[in-house]
Number of protein chains: 6
Amino acid sequence: MNAKTAVFRREHFNAAHRLNNPSWDAETNNAVFGKCNNPHFHGHNYELIVKVTGHPDPDTGYVIDMKLLSELIKTHVLDRYDHRNLNLDCPEFATLNPTAENIARIIWEMLRKQIDEQLDVQVRLYETERNFVEYPA
Amino acid sequence: MNAKTAVFRREHFNAAHRLNNPSWDAETNNAVFGKCNNPHFHGHNYELIVKVTGHPDPDTGYVIDMKLLSELIKTHVLDRYDHRNLNLDCPEFATLNPTAENIARIIWEMLRKQIDEQLDVQVRLYETERNFVEYPA
Amino acid sequence: MNAKTAVFRREHFNAAHRLNNPSWDAETNNAVFGKCNNPHFHGHNYELIVKVTGHPDPDTGYVIDMKLLSELIKTHVLDRYDHRNLNLDCPEFATLNPTAENIARIIWEMLRKQIDEQLDVQVRLYETERNFVEYPA
Amino acid sequence: MNAKTAVFRREHFNAAHRLNNPSWDAETNNAVFGKCNNPHFHGHNYELIVKVTGHPDPDTGYVIDMKLLSELIKTHVLDRYDHRNLNLDCPEFATLNPTAENIARIIWEMLRKQIDEQLDVQVRLYETERNFVEYPA
Amino acid sequence: MNAKTAVFRREHFNAAHRLNNPSWDAETNNAVFGKCNNPHFHGHNYELIVKVTGHPDPDTGYVIDMKLLSELIKTHVLDRYDHRNLNLDCPEFATLNPTAENIARIIWEMLRKQIDEQLDVQVRLYETERNFVEYPA
Amino acid sequence: MNAKTAVFRREHFNAAHRLNNPSWDAETNNAVFGKCNNPHFHGHNYELIVKVTGHPDPDTGYVIDMKLLSELIKTHVLDRYDHRNLNLDCPEFATLNPTAENIARIIWEMLRKQIDEQLDVQVRLYETERNFVEYPA
């Protein structure tokens, strides 16, 4: 039998956020998060790459139909985050700090439920060209 | 005499904004600007390319020292816009809609004053990889 | 009055083509176009950048609404060329050789008719990262 | 002893293809593969990254000479696929659907035979910037 | 008659250089050029884009055959500069400071002689992703 | 407990080098390393990506503060290699051939000592867009 194959789909969304730990006072938040703590928010063009790993279906040659994967990402991630304020518009970040690490894990949790359990899922999220994360590592 | 040479310096900043015409009601703003009108803001990784055109100095071979150009951009643009909310933190966009077109022109006006009048200045601003503007055209 | 501003929208399509001058014999076509003349076709991920130049509308701050520009490109270019064989599926290339130069001009002619005459239009077309064209120059 | 090191070489080729399962009727193929099933083909600029993993030779500091790796890719992959129609010109895809998953595996099988067995080989293949695969995962 | 079309070919070379004005003393050179004046040199991956503008030939649909343009660049630029030390290996930079501005102009002068006078030629040279130049402007 | 997360920081430096095994004669070095053996050196824009893997701190949501990671890279890598001649200015390459494989391992050894032992560290180094390495694999 052949080895498994991984397929990757890249999408993007634009969002505002601020880094802030609501259990800390303003001074501590500012000391730890610096300009990322601006109370008026800043924002990013987030680039998202979703990796799905498994055996290609012998009839289609697909691990997963990329149109389907793209639609799952649109429905469960982009419609939720694109052109939104992560802190104010998204309840999951009301108390969870929207660092790239936390956003990636939340996206993974949402997509993991939507994709066949026989397939592995991993998320890479670019906050900028120079800062990005992967979950699970 | 040789022709003129253009030099380009690329920098970036991350900011939040929303598109909104304060002289319109909320319904009109929403109809015209769609999800870009989200009252909680969204954001971008703005990529900025500044073009300076002139004759290279015969002693240095430079049209303008790129370290100087980079510092001018940092002082007059990045320190002003990076990790800021353009609508709330920047008085120039209190009444001027922060479209890419308007941001590019304002950046050009700030840099034009700082650069030798014998040199031409042009600004290219990427809001995303797929949407960008140039001023003056 | 401010200078004009240029706005750019980037889209892409994937197509098959072959280079061939139907008024030449096979030997001449092969000598001139080499492997690009393969009678079974080859293909590209074409990247298209459409530039529109004019004065921003004072109410919106837009030279042209990028959603509208994107939709015009989708309707008049992508729906026509994406996942097509330019030589076989597109009558305009039945006798016109689909070089990047000719494709760019045809795209420009289609878009020029759709966009306000007060605005200038220019097309840049990437056949590969290393080969691209602009019309009009 | 030091850990192993991976080296990567990126190459590209341009090809036409269509997705089609010859054991299905046209209606089923069209339902499953959509516009990718166009009988006249479409095409891509394929970007190929070959990863080779092992211990650097203590004399050269090379895991594998990149000139040699590049030549192996040219001889065994690019000369076979560049400016070709995968379905019509390449017998391996006469009955095997040329999805990115299948193309990557076939490329890996060809290169695996050419490279020292003490070195591991993996292939990443970009069909577009937004769709890519890796074999073995 | 149609407007002119521009075609672009991108190539690259890797070279060492230092910035230095031989008519100045070491202290002045160091003050003006900073770390770029390191007497042991540093280096870059130079990306070169050559733009050629004219009317496409009605028989081929080409402004210029990109294979020919690529070969001209290889013969007259890459063979001269790739994997070289610009200051030590290239007589044109024995007394001329190899800034990006000067390198671009010298490349343009070499290519201008090789290309049909009815076609316009322009050179863009990237020293890094963030610093680049164009000649003539 | 959640899985581990990886964070990545991308930086760059520009350096000169030549490939050479000092225990070989000039003829052998030239035969093995070709134009990379030019005694006058050549150079590259090296792109460096440092990957750090661990559990995000529950208070900050960070695996490691990216500002801290960026400063570590600047202090221990960029200040040492940027605008330098690796062979002449860096004692570690006096007898060790500065191939991408060896540079990546040396960078990893320097950074490994600076980063909390509970976190894993990996280095990816691009010598060009087409040639890059990872250590440890």
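Our subject in this report is the structure included herewith. Please read all numbers here as calculations on a predicted model, not as lab measurements. Numbers given for residues are sequential positions, taken from 1 along each chain in its written order. A letter from A marks each chain and a number from 1 marks each ligand, given out in the order of writing. Local features in this predicted model are restricted to residues of pLDDT 70 or higher, and side-chain atom pairs are both shown and tallied only at a pLDDT of 80 or more, whereas totals for entire chains, interfaces and linings draw on every residue. Water and hydrogen atoms play no part in the side-chain values, which are based on all heavy atoms of the structure.

Remarks on the interface of chain B and chain A
- With 22 residues of chain B at the contact, the number on the chain A side is 22 residues.
- Buried area: the accessible area, evaluated with a 1.4 Å probe, that two parts lose upon being put together, summed over both parts. When the buried area of chain B at its contact with chain A is split by residue, H40(B), N45(B) and H83(B) rank highest and sum to 32% of it.
- The term salt bridge refers to a side-chain nitrogen of Lys or Arg lying within 4 Å of a carboxyl oxygen of Asp or Glu. Scanning the region where chain B abuts chain A turns up four salt bridges.
- Here a polar contact means two N or O atoms within 3.5 Å. Within protein one must be a hydrogen donor candidate and the other an acceptor candidate, and residues neighboring in sequence count only if both atoms are side-chain atoms. Inspection of the region where chain B meets chain A yields 19 residue pairs in polar contact (both at pLDDT 80 or more). Residues count as neighbours in contact if any of their non-hydrogen atoms are within 4.5 Å of one another.

A closer look at the pattern of salt bridges
- This model, assessed by the stated rule, comprises 56 salt bridges over all chains.
- The shortest N-O distance in the salt bridge between E47(E) and R10(E) comes to 2.8 Å. Placement of E47(E) in strand 2 (residues 42–54) and of R10(E) in strand 1 (residues 5–17) is noted, with a sequence separation of 37 residues between them.
- Accessibility expressed as a relative area gives 13% for E47(E), which makes it buried.
- Exposure remark for R10(E): the relative accessible area of 14% places this residue in the buried category.
- Where K67(F) meets D65(F), a salt bridge forms, and the shortest distance between an N and an O atom there is 3.6 Å.
- Several salt bridges converge on common partners, so that one network encompasses R10(A), E47(A), E129(B), R130(B), R10(C), E47(C) and E129(D). Starting at the N terminus, helices and strands are each numbered in turn, a helix being any DSSP run of H or I of at least four residues and a strand any DSSP run of E of at least two. Only protein chains enter the accessibility calculation, which uses a 1.4 Å probe. A residue is then buried if its area is under 20% of the maximum for its type, exposed if over 50%, and partly exposed in between.

Examining unusual backbone geometry
- With omega at -10 degrees, the peptide bond leading from Y135(C) into P136(C) counts as cis.
- With respect to the element layout, P136(C) can be found in the segment after strand 5 (131–135).
- Despite not being glycine, H83(B) shows a phi value in the positive range, around 60 degrees.
- Examined against the element boundaries, H83(B) turns out to sit in the loop between helix 2 (66–81) and strand 3 (84–85).

Considerations on the relation of the copies chain B and chain A
- When chain B is fitted to chain A, the residual RMSD is 0.0 Å, and the transformation amounts to a turn of 180 degrees plus an axial shift of 0.0 Å. Taken together, the turn and the small shift mark the pair as related by a two-fold rotation axis.
- Mapped onto chain A, 100% of the interface residues of chain B again fall at the interface, so both copies present the same surface. Here the copies were fitted onto each other by least squares, based on C-alpha atoms from residues at pLDDT of at least 70 in both.

Overview of the environment of A104(D)
Residue and element names in this part refer to chain D.
- Tracing the backbone shows A104 in helix 4 (residues 100–112).
- Separated by 53 residues in the primary sequence, A104 and K51 have C-alpha atoms spaced 12 Å apart.
- Beyond its immediate chain neighbours, meaning those up to four positions away, A104 contacts V123, L125, V133 and Y135.

A look at the relation of the copies chain F and chain E
- When chain F is fitted to chain E, the best match, at an RMSD of 0.0 Å, comes from turning it 180 degrees and sliding it 0.0 Å along the axis.
- Taken as a fraction of all interface residues of chain F, those also at the interface in chain E reach 100%, which identifies the copy contact as same-surface.

Section: the arrangement of the chains
- The closest approach of any C-alpha atom in chain A to one in chain C is 14 Å; the two make no contact.
- One thing to see here is that chain D and chain E don't touch, and their nearest C-alpha atoms sit 14 Å from each other.

Overview of the interface of chain F and chain E
- With 22 residues of chain F at the interface, the matching set in chain E holds 22 residues.
- Broken down residue by residue, the surface that chain F buries against chain E is led by H40(F), N45(F) and H83(F), which jointly contribute 33%.
- The partner of R10(E) in a salt bridge is E129(F), and the shortest N-O contact between them spans 3.5 Å.
- When contributions to the side of chain F that touches chain E are tallied by element, the ones reaching two or more residues are strand 1 (5–17), strand 2 (42–54), strand 3 (84–85) and helix 3 (86–89) of chain F.

Observations regarding the packing of aromatic side chains
- For Phe, Tyr and Trp, where Trp contributes only its six-membered ring, two rings pair if their centres lie within 6.5 Å, and the inter-plane angle classes them as stacked under 30 degrees, edge-to-face over 60, or tilted in between. Throughout the structure, instances matching the rule amount to 48 aromatic pairs over all chains.
- Ring geometry for F13(B) against Y46(B): centres 5.0 Å apart, planes inclined by 20 degrees, an arrangement best described as stacked. Here the residue F13(B) occupies a position in strand 1 (residues 5–17), and Y46(B) occupies one in strand 2 (residues 42–54), the gap between them amounting to 33 residues.
- Taking relative accessible area as the criterion, F13(B) reaches 0% and is therefore assigned buried.
- Seen from their ring centres, W24(D) and F33(D) are 5.9 Å apart, and the 25 degrees between their planes marks the pair as stacked.

Things to note about the pairing of strand 2 of chain E
All names here are of chain E.
- Within strand 2, 12 of the 13 residues are buried, which leaves the element mostly enclosed by the surrounding structure.
- For strand 1 and strand 2, the ladder comprises 13 bridges, and the chain directions are antiparallel. Pairing of H17 across the sheet is with H42, part of strand 2.
- Taken together, the seven bridges between strand 2 and strand 4 (residues 120–126) define a ladder with antiparallel strand orientation. Its bridge partner lying in strand 4, K51 is registered against Q122. Strands qualify as paired when DSSP identifies two bridges or more between them.

Side note on helix 2 (residues 66–81) of chain D
- If you look at helix 2 of chain D, its biggest bend is around 40 degrees, right at K74(D).
- Positioned one or two residues after helix 2 of chain D, H83(D) has a phi angle of 60 degrees, which is positive. To get the bend at a residue, fit one axis to the 7 residues ending there and another to the 7 starting there, then take the angle between the axes.

Side note on the side chain of R10(B)
- Engagement of the side chain of R10(B) in a polar contact is seen with the side chain of E129(A), the distance being 3.4 Å.
- One polar contact links R10(B) to E47(B), side chain to side chain, over a distance of 2.8 Å.

Observations concerning the side chain of N85(A)
- Checked against the element boundaries, N85(A) lands in strand 3 (residues 84–85).
- Relative accessible area serves as the criterion here: at 0%, N85(A) is assigned to the buried category.
- Within the structure, the side chain of N85(A) is placed 3.0 Å from the backbone nitrogen of N87(A), a separation counted as a polar contact.
- Among the polar contacts made by the side chain of N85(A), one reaches the main-chain amide nitrogen of L88(A) at a distance of 3.0 Å.
- Apart from the residues lying within four places of it in its own chain, the contact partners of N85(A) are A16(A), F41(A), C90(A), N38(B), H40(B) and F41(B).

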